[in-house]
Amino acid sequence: MLLIDCPYCGKRPEVEFHCGGEAHIARPETPAEIADADWGSFLYYRTNPKGVHAERWLHGHGCGRWFNALRDTVSDAFVATYEMGAPRPDVAPENAKA
Amino acid sequence: MLEFNLARRAPTVAPIASDAGVKITPLGPQGRLALRIRPAALAGRNDLGGFDLSGPINSRREGGDGEASRDALHLGPDEWMLIVPADEVEERCEAVSAALSGAAFSLVDVSYRDVSFSVEGPGADAMINAGCPIDLSLKTFPVGSATRTLLGKAEIVLARLAADRFTVTTWRSFAPYVQGFLVEAAKDGV
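Our subject in this report is the structure included herewith. Everything numeric in this text was worked out from a predicted model, so none of it was measured.

**Quick look at the sheet that holds strand β10 (residues 146-151) of chain B**
Residues and elements named next belong to chain B.
Here comes step 1: Strand order across the open sheet formed by 5 strands is β1-β9-β12-β11-β10, with antiparallel pairing between neighbours. Looking along the sheet, the strands with just one partner apiece sit at the ends: β1 (23-26) and β10. The average angle at which neighbouring strand axes cross in this sheet is 30°, direction not considered.
Here comes step 2: Where strand β9 (residues 114-120) lies against strand β12 (residues 165-171), 7 bridges are found, and the strand directions are antiparallel. Paired with Glu120 across the strands is Arg165, a residue of β12.

Spelled out as structure tokens, the structure:
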């Protein structure tokens, strides 16, 4: 079973977690003033990279907290996990083989 | 009226007879308080109305003594489940509220939301692992641990009281499922 390193609880099984999509997407502060295309881009367009991807995860059946994780979309390995609000750790793709 | 009815409702589950080595026993009424408070607001206060909140996350700390037990389960960074005898709920609510006066916190009586089971006997950890994905070896889940996790498809709060003794707490509507799951799992270990 895939273990995910919750920043609060430590390594816990994947079934306790839920993925919440891409992380670090800031909502525009003045939605009424931006163009429709920009708003559509904020709502629907995601990076979908091949490699390290920053995602939001919820430890719902555990401590109940959201946190961010860097996951390699090729190997499904979790490279790093960090608390909400913390900056994205600088991880080079070649180090991404956990 | 609703509270009156809930408080006096018949127990959800009756004991299921089984000759397995691990005994699954529904526990009687217990008082349960959900306490949410940020560590900053707690400001180092570890003893709240007899509850010991000093334990690390996913741990259980006992307070009080004998019949007047006061257990504090640290389930999340800002979340505790406080367990008291059923007839002490209001008194403990007031004591904790008084100890926290001035701080921002939430204290809710959730006594009737949950049903608890005692799971006791040799190999109880392996038996719970029939539906619980976390590592229950004494090294990673020692005596005094408590955490929210899953059992089969139901969410449970699992506390280890001794090497072969656990308390499984689940929502009332999940209780028949959890009880049946545990009884069936225990039969595998006979």
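**Quick look at the environment of Asp114 of chain B**
Residues and elements named next belong to chain B.
Here comes step 1: The residue Asp114 is located in strand β9 in this model.
Here comes step 2: Residues Asp114 and Arg32, spaced 82 residues apart in sequence, show a C-alpha to C-alpha distance of 8.2 Å.
Here comes step 3: What Asp114 contacts, discounting residues up to four positions off in sequence, is Arg32, Thr169, Thr170, Trp171 and Arg172.

**Description of the sheet that holds strand β7 (residues 79-85) of chain B**
Residue and element names in this part refer to chain B.
Here comes step 1: With antiparallel pairing, 5 strands are arranged side by side in an open sheet as β5-β6-β7-β2-β8. Strand pairing shows two members of the sheet lacking a second neighbour, β5 (59-63) and β8 (106-109), which therefore form its edges. Put simply, the sheet's adjacent strands are angled 20° from each other on average, direction ignored.
Here comes step 2: Sheet analysis places strand β2 (residues 30-36) next to β7, joined by 7 bridges and oriented antiparallel. If you follow Leu33 over to β7, its bridge partner there is Leu82.

**A look at the nonpolar core**
The nonpolar side chains of a soluble globular protein tend to be buried, and buried together.
Residues and elements named next belong to chain B.
Here comes step 1: Counting 53 residues, the largest nonpolar core has Leu73, Leu82, Val119, Val168 and Leu182 as the members making the most contacts within it.
Here comes step 2: For this core, the element with the most residues is helix α5 (residues 175-188), which contributes 6 residues.
Here comes step 3: Residues within four places of Leu182 in sequence aside, it is in contact with Ile24, Phe117, Val119 and Val168.

Criteria and thresholds
- Residues numbered from 1 in each chain as written.
- Chains lettered and ligands numbered in written order.
- Predicted model: local features only at pLDDT ≥ 70, side-chain atom pairs only at ≥ 80, totals over all residues.
- Pairing = 2+ DSSP bridges.
- Helix = DSSP H or I, 4+ residues; strand = E, 2+ residues; numbered from the N terminus.
- Axes fitted to C-alpha atoms, helices over the stretch in contact; angles between N-to-C directions.
- Contact = placed C-beta atoms within 7 Å.
- Core = buried A, V, L, I, M, F, W, Y, C linked by C-beta atoms within 7 Å.
- Buried ≥ 20, exposed ≤ 12 C-beta atoms within 10 Å, placed from the backbone.

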